[in-house]
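Remarks on the overall topology
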Amino acid sequence: MSKREHWSGRILFILAAAGSAIGLGNLWKFPYISWANGGGLFVLLYIFFIILLGLPIMISEIAMGKATGTGPAGAFRALGGQKTPFRFVGYLGVATALLLLSYYSVVAGWSLEYTAKAIGGEFESIPPAKLEQLAQSEAGIQALQTKALKQEIAFATDSQKEEILRDSGLLQANLRDDEMQILFRNSAEKIPALLLEKGKADEWGTIFLNKVQSSEDFVAWRQEALKPLHSDTMFADFLSDKTKLITWHSVIMLITILIVAGGIKGGIENAMKIFMPLLFIIIIFLTINSLLLDKEQEGLRFLLWGDPSRFSAKSIVEALGHAFFSLSLGMGVMITYGSYMGRGNHAVKDSIWIVSADTFVSISATLMIFPIIFVYGMQPTSGGAGILFTALPLELVKFPGKSLFVFIFYILVFIAAITSAISLIEVVVTYLIDEKKMKRYHAALSAGIFIYLLGIPSALWISGFFTRLDFLVSNILLPFGGLLIAIFAGWVAEQKAIENEFHAKGIPAWTFAVYRFVLRIITPVLFAAVFGHLLLSAG
Ligand code: TRP
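Everything quoted here is computed from the prediction, not taken from an experiment. (Residues numbered from 1 in each chain as written. Predicted model: local features only at pLDDT ≥ 70, side-chain atom pairs only at ≥ 80, totals over all residues. Heavy atoms only, no water.)

**Structural notes on the overall build of the protein**
Broken down by element type, the protein carries 25 helices and 0 strands. Taken over the C-alpha trace, the protein has a radius of gyration of 26 Å; the compact-globule value for 539 residues is 24 Å, and the two agree within 12%. With respect to the three principal axes, the spread of C-alpha positions in the protein is 85 × 45 × 45 Å. In the protein, buried positions account for 55% of the 539 residues. Partitioning the intrachain contacts of the protein with sequence separation of at least 6 by distance along the chain shows that 82% fall at a separation of at least 24. Accessible surface, the protein as shown: approximately 23300 Å² in total, 65% of it carbon and sulfur. On the protein, the mean spot of the 43 positive side-chain charges and the mean spot of the 41 negative ones are 13 Å from each other. (Helix = DSSP H or I, 4+ residues; strand = E, 2+ residues; numbered from the N terminus. Rg over C-alpha atoms; globule rule 2.2 N^0.38 Å. Buried < 20%, exposed > 50% of the residue type's maximum accessible area, 1.4 Å probe, protein only. Contact = heavy atoms within 4.5 Å. Areas by Shrake-Rupley, 256 points an atom, 1.4 Å probe, with all protein chains shown as cover. Lys, Arg positive; Asp, Glu negative; His and termini not counted. Charge placed at Lys NZ, Arg CZ, Asp CG, Glu CD.)

Okay, here's the thing in structure tokens:
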């Protein structure tokens, strides 16, 4: 057996593992499923699963890899005996990786489309024909009226003010003029929403829109007012363009195959030294920008308290499943990464770093997206699988680099997706090389083509096929794989190898007992409760 190449240095291992973990799961999926499941409780539950299940299973996978120096199949045999039934977890992982990458690649393709759109300057202004079309549409008229209403309401005449107060149901008794003025000023913020509720928004919107229309800078004003709607329709148009979706999916798979076949994976991992910090800096910058933009802190409030009416039994399973998806767990990816780990690395400490970095990116991503949705009054279409793409360009083009900034952002999304895709295809490639004795080049090509074909239905039927496949993979297959790994590491595997990882400066000895208790008892019980609950509520 040839000696395994080791990651040069502790940081490189953490970067590579974080590169697998941080991807579309954090930037694209977490914000949109948090939005769809009503924020608040969902986010809290997600963090709970990350700490209670994610961290211990991350430690287990990395420790198994480090202790045995082999990929999943070998690690299960080395720690559980040649004939251990757990070696089938490896096959489950291969099947899951094939399915996951098939649609992951489709979504990764979206980032390339947006990179291309940035090069074409498409976010800077709405083309004239498109602008007219939007302005005539029902949604367009509504957007214009709402903006006019919000902006002009403060300049209404006194008799208009009184009528507006009456129409929004705020004026009950007859007030003195100065009292009426005060009431108006104090409720100005909520009046547009109240008028909408009472069915009077249209009427007042038309009045104020007429006023704006006669102003000199109406042309520019209308451009601005229609941008959020334009952003939404741009995304919807893209999703209905099947040729584009398939093309980008092909490009992503081609790049993934070339990187893995060409053995330049190491080079990519080195490049992570630049891209990872850049991604963090940009995310932090955009998060601060969004929080400052959102004077009412509606985005933050939604993240913390949210809308409980959107939370259901399915939300619990989604929070649990996403903990595995986001951390790249349940498939043996981290076993493989751990097998390249050097002596200087430490499974427990490194896991804490990877898990923290991953969670940080997820939370920041929501904090940079939600405020924009509120401030621009966007209407993310059902579930809003596109909020990473519809919301951000509106803010990104405002910075001095304009399109350049949009370009940089989506290129970073693309890189984050590619480093995750590499770790996924690597599961299949390693299997083909080790078990089927294929050459690397051959293995990468056949795995890649197979996954590419598997991804076509996802590109063609985004809402139907794709969401169901994602549910199966994220919420059933990955957690199930994770459960098996937890049971193996807790009950079956030789404990010495794993326990060693807990002998380090700064890690108290009792943590190993807690860790083992979580794997042995808490994890299976929690799984039984969560999935039992899902079955009962579905039946
Ligand atoms: N964690 C990645 C993300 O959040 C996706 C991913 C890469 C993954 N490799 C994995 C998920 C292995 C599960 C298992 O985008």
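**Here's the deal with the pattern of salt bridges**
Counted by the stated rule, this structure contains 17 salt bridges. Among the ionic pairs, Lys66 bridges to Glu501, the shortest N-O distance being 3.2 Å. With Lys66 in helix α3 (residues 41-68) and Glu501 in the loop between α24 (495-500) and α25 (510-538), this residue pair connects regions lying 435 residues apart in the sequence. Neither Lys66 nor Glu501 differs from the other in exposure class; each is buried. Of the charged contacts in the structure, one is a salt bridge between Glu113 and Lys244, with a shortest N-O distance of 3.2 Å. Here the residue Glu113 occupies a position in helix α5 (residues 88-119), and Lys244 occupies one in helix α13 (residues 242-261), the gap between them amounting to 131 residues. Bridged by salt links that share partners, the residues Glu113, Lys117, Glu122 and Lys244 form one connected network. (Salt bridge = Lys/Arg side-chain N within 4 Å of Asp/Glu carboxyl O.)

**As for the nonpolar core**
Counting residues in each nonpolar core, the largest one holds 156 residues, and the members touching the most others are Phe49, Trp110 and Phe409. At 19 residues, helix α21 (residues 403-436) tops the list of elements feeding residues into this core. Ignoring anything within four residues of it in the chain, the contact list for Phe49 reads Gly54, Ile316, Ala319, Leu320, Ala323, Leu526 and Val530. Counting residues in hydrophobic clusters, the runner-up holds 26 residues, among them Ala201, Leu209, Val212 and Phe218. (Core = buried A, V, L, I, M, F, W, Y, C linked by side-chain atoms within 4.5 Å.)

**Focus: the site of the ligand**
Around the ligand there are 18 residues in total, and Ala21, Gly25, Tyr104, Phe325 and Ser328 lie nearest to it. At a separation of 3.3 Å, a nitrogen atom of the ligand approaches a polar backbone atom of Ser20. Between the ligand and the protein, one listed contact pairs a nitrogen atom with a backbone N or O atom of Ser326 at 3.2 Å. About the coverage of the ligand: the protein hides 100% of its 360 Å² of free accessible area. Within the residue set of the shell around the ligand, elements represented by two or more residues are α1 (10-21), α2 (24-36), α5, α16 (313-327) and α21. (Near = heavy atom within 4 Å. Polar contact = N/O pair within 3.5 Å; in protein donor to acceptor, adjacent residues only side chain to side chain.)

**Points about helix α8 (residues 158-167)**
Listed as buried for α8 are Lys161, Ile164, Leu165 and Asp167. The arc that holds every buried residue of α8, seen down its axis, measures 160°, which confines them to one face. Buried residues along α8 sit in contact with α9 (177-187), α10 (191-197) and α11 (201-213). Looking one or two residues past α8, Gly169 carries a phi angle of roughly 75°, positive in sign. (Arc of directions from axis to C-beta.)

**Thoughts on helix α6 (residues 128-136)**
Think of an α-helix as 3.6 residues a turn; residues three or four steps apart then line up on the same face. For α6, the complete set of buried residues consists of Lys130, Leu131, Leu134 and Ala135. Viewed along the axis of α6, the buried residues span an arc of 130°, placing them on a single side of the element. Exposed residues on α6 whose side chains face more than 90 degrees from its buried face are Pro128, Ala129, Gln133 and Gln136. Tucked into the core, α6 has its buried residues touching α7 (138-152) and α12 (218-239).

**What about unusual backbone geometry?**
Leaving glycine out, the prevailing phi sign among residues is negative, and the prevailing peptide bond configuration is trans. Backbone geometry at Gln297 places phi at a positive 55°, although glycine is not the residue there. Relative to the helices and strands, Gln297 is located in the loop between α14 (265-293) and α15 (298-304).

**Remarks on a nonpolar patch on the surface**
A cluster of nonpolar side chains, contributed by Trp491, Val492, Phe517, Ile521 and Val525, occupies part of the molecular surface with about 470 Å² of accessible area. Listing elements by their share of the nonpolar patch, those giving two or more residues are α23 (462-492) and α25. If one sorts the elements of the nonpolar patch by residue count, α25 sits on top with 3 residues. Structurally, the position occupied by Phe517 is in helix α25. (Patch = residues over 30% accessible without salt bridge, like charges linked within 9 Å, V, L, I, M, F, W, Y side chains within 5 Å.)

**Thoughts on the environment of Ser537**
Mapped onto the secondary structure, Ser537 falls in helix α25. Overall, the relative accessible area of 43% leaves Ser537 in the partly exposed class. Looking at Ser537, its side chain comes within polar contact range of the main-chain oxygen of Leu534, at 3.1 Å.

**Observations concerning the packing of aromatic side chains**
Scanning the model with the defined rule gives 38 aromatic pairs in all. Linked through ring pairs, Trp28, Tyr32, Tyr103, Trp110, Tyr114, Phe123, Phe235, Phe238, Phe389, Phe409, Tyr410 and Phe466 together constitute an aromatic cluster. Positioned above the aromatic ring of Tyr114, the side-chain terminus of Lys117 is 5.8 Å from the ring centre. Geometry around Trp491 places Arg520 over its ring, the cationic atom sitting 4.4 Å from the centre. (Phe/Tyr/Trp six-rings, centres within 6.5 Å; stacked < 30°, edge-to-face > 60°. Lys NZ or Arg CZ within 6 Å of the ring centre and 35° of its normal.)

**Some details on the side chain of Ser187**
Tracing the chain through its elements places Ser187 in helix α9. Beyond its immediate stretch of four places on either side in the chain, Ser187 contacts Leu165 and Leu170.

**Notes on the side chain of Gln495**
Structurally, the position occupied by Gln495 is in helix α24. Note on Gln495: relative accessible area 15%, which makes it buried. Excluding residues that lie within four positions of it along the chain, Gln495 makes contacts with Ala489, Gly490, Phe512 and Arg516.

**Points about the environment of Gly481**
Position of Gly481 among the secondary structure elements: in helix α23. Beyond its immediate chain neighbours, meaning those up to four positions away, Gly481 contacts Val89, Leu92 and Gly330.

**Digging into the packing of α5 against helix α22 (residues 440-460)**
Across the interface, α5 lies against α22 with an axial gap of 8 Å and an inter-helix angle of 60°. In terms of orientation, α5 and α22 fall into the oblique class. By crossing handedness, the relation of α5 to α22 is classed as right-handed. Facing α5, whose interface residues are Leu98, Leu99, Leu101, Ser102, Tyr103 and Val106, α22 presents Phe450, Ile451, Leu454, Gly455, Ser458 and Ala459. Among the residues making up the contact of α5 with α22, the classes are represented as 9 nonpolar, 3 polar and no charged. (Axes fitted to C-alpha atoms, helices over the stretch in contact; angles between N-to-C directions. Parallel < 35°, antiparallel > 145°, perpendicular 65-115°, else oblique. Left-handed = near helix turned anticlockwise from the far one by under 90°. Nonpolar A, V, L, I, M, F, W, Y, C, P; charged D, E, K, R; others polar.)

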